[in-house]
Amino acid sequence: MQDPLQFEGKRVVVTGAASGMGAATAALLSDLGAEVHGVDIATGSASVASFYQCDLSDPAQIDATVAAIGGRVDSLFNCAGLPTTAPGQKIMVVNYLGHRHLTEALLPSMPTGSSIGFISSVAGMGWQGNAELLLELAATKDFAAGQAWCEAHDDAIALNGYGFSKEAINAYVSWRGYQLATQVRINSIQPGPTDTPMMPSFVESMGEDFFAKFPKPVGRNSRADEQAWAIVMLNSPRSSYTAATNVFTDGGFTGGLFTGSIDFASLMPPA
Ligand SMILES: NC(=O)c1ccc[n+]([C@@H]2O[C@H](COP(=O)([O-])OP(=O)(O)OC[C@H]3O[C@@H](n4cnc5c(N)ncnc54)[C@H](O)[C@@H]3O)[C@@H](O)[C@H]2O)c1
């Protein structure tokens, strides 16, 4: 079969293309014959048709990047992110509000049958418990309104800005993905611990002991290329009936958690 994932000749945009999972995703899409447009605050990715240095915390830079990319976009890969060590409000702005702004700005350029994938995290798995709050945030009308909402809800964000940003992505994927399902499929993957340049920040926040004890049903952390394959397959036209959903790519962690084989409380540091 030629071009089994149907990315040959497709125009795609990848955020976080300078490092880790985003760089692996950009490289894989180039190998599959796509025209890849990379976006990152950092420079460089060898495997792209064009690269835009853009700070996703600045809506004006995002708008300028969208204008510079121009033309049709068949698939968007939202892979950039800040880790747990960054301040909570800044994490919300980059991981959630910046990606939401980019997504909404690109939508008019995306034809029927196109796709949008976010790299969320297993850290966002409990979003349904916070749905009322997260859907209120999802309904804020633009970047500035979203930022004002986040500042007014610092009590919810300060405790775990990273987890909240991933819950916010998952709620947005479900809500907006449902609204737009006839035009564009919106989904996310939920990786578990993955060996990328971000991993040391998680170890710094949670401690070596947490990750030493963290259950790994597959027997190891994941690699960037394994998450790249997952999001590329999710955004492929072959996944045409998968919409508005958040897919676990955590090596079996949530399987153990949701069936009681893993006791999450035992992983947490004593209060
Ligand atoms: N590594 C893990 O264990 C893990 C687990 C679950 C989810 N994730 C998520 O996976 C995604 C990819 O992370 P990674 O592990 O490849 O880390 P990484 O640090 O290698 O890549 C993150 C990229 O985001 C870019 N970025 C950061 N701030 C930005 C900004 N303001 N504007 C534009 N780009 C910006 C960075 O420059 C970097 O290239 C992130 O969303 C992260 O939250 C990571």
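Use the structure listed above.
Reading the values: the criteria
Residues numbered from 1 in each chain as written. Predicted model: local features only at pLDDT ≥ 70, side-chain atom pairs only at ≥ 80, totals over all residues. Heavy atoms only, no water. Pairing = 2+ DSSP bridges. Helix = DSSP H or I, 4+ residues; strand = E, 2+ residues; numbered from the N terminus. Axes fitted to C-alpha atoms, helices over the stretch in contact; angles between N-to-C directions. Contact = heavy atoms within 4.5 Å. 1 Å grid on protein atoms, 1.4 Å probe; cavity = no way out; pocket = protein on both sides within 12 Å on 5 of 7 lines; lining within 4 Å. Points joined across faces, edges and corners; volume = space filled by probe spheres on them. Nonpolar A, V, L, I, M, F, W, Y, C, P; charged D, E, K, R; others polar. Core = buried A, V, L, I, M, F, W, Y, C linked by side-chain atoms within 4.5 Å. Buried < 20%, exposed > 50% of the residue type's maximum accessible area, 1.4 Å probe, protein only.

Draft legend 1. The arrangement of the sheet that holds strand 1 (residues 11–15) in detail. Ordered by their spatial adjacency, seven strands build an open sheet running 3-2-1-4-5-6-9, and the pairing between neighbours is parallel. The open sheet has two free edges, formed respectively by strand 3 (50–53) and strand 9 (245–249), since each of these has just one partner strand. Here the strands of the sheet are splayed against their neighbours by 15° on average, with no regard to which way each runs. Pairing between strand 2 (residues 35–40) and strand 3: four bridges, direction parallel. For H37, the partnering residue across the bridge sits in strand 3 and is S50. Against the sheet, helix 7 (residues 161–179) contacts strand 5 (114–119), strand 6 (184–191) and strand 9, and its axis sits at roughly 155° relative to strand 6. Running at roughly 160° to strand 6, helix 10 (residues 224–235) makes contact with strand 4 (75–78), strand 5, strand 6 and strand 9 of the sheet.

Draft legend 2. Summary view of the layout of surface pockets. For the second largest pocket, the calculated volume is near 220 Å³. For the second largest pocket, the lining is made up of 17 residues, of which R220, S222, T249, D250 and G251 are closest to its centre. When residues of the lining of the second largest pocket are assigned to their parent elements, the largest contribution, three residues, is made by helix 10. Classifying every residue of the lining of the second largest pocket gives seven nonpolar, six polar and four charged.

Draft legend 3. Structural detail: the nonpolar core. Counting residues in each nonpolar core, the largest one holds 40 residues, and the members touching the most others are M92, Y96, L106, I116 and L137. Elements that contribute at least two residues to this core include exactly helix 2 (59–69), helix 3 (88–106), strand 5, helix 4 (131–138), helix 5 (143–152), helix 7 and strand 6. Apart from the residues lying within four places of it in its own chain, the contact partners of Y96 are I91, L137, A138, S165, A168, I169 and Y172. Counting 23 residues, the second-largest nonpolar core is a separate cluster that includes A17, L29, V36 and I189.

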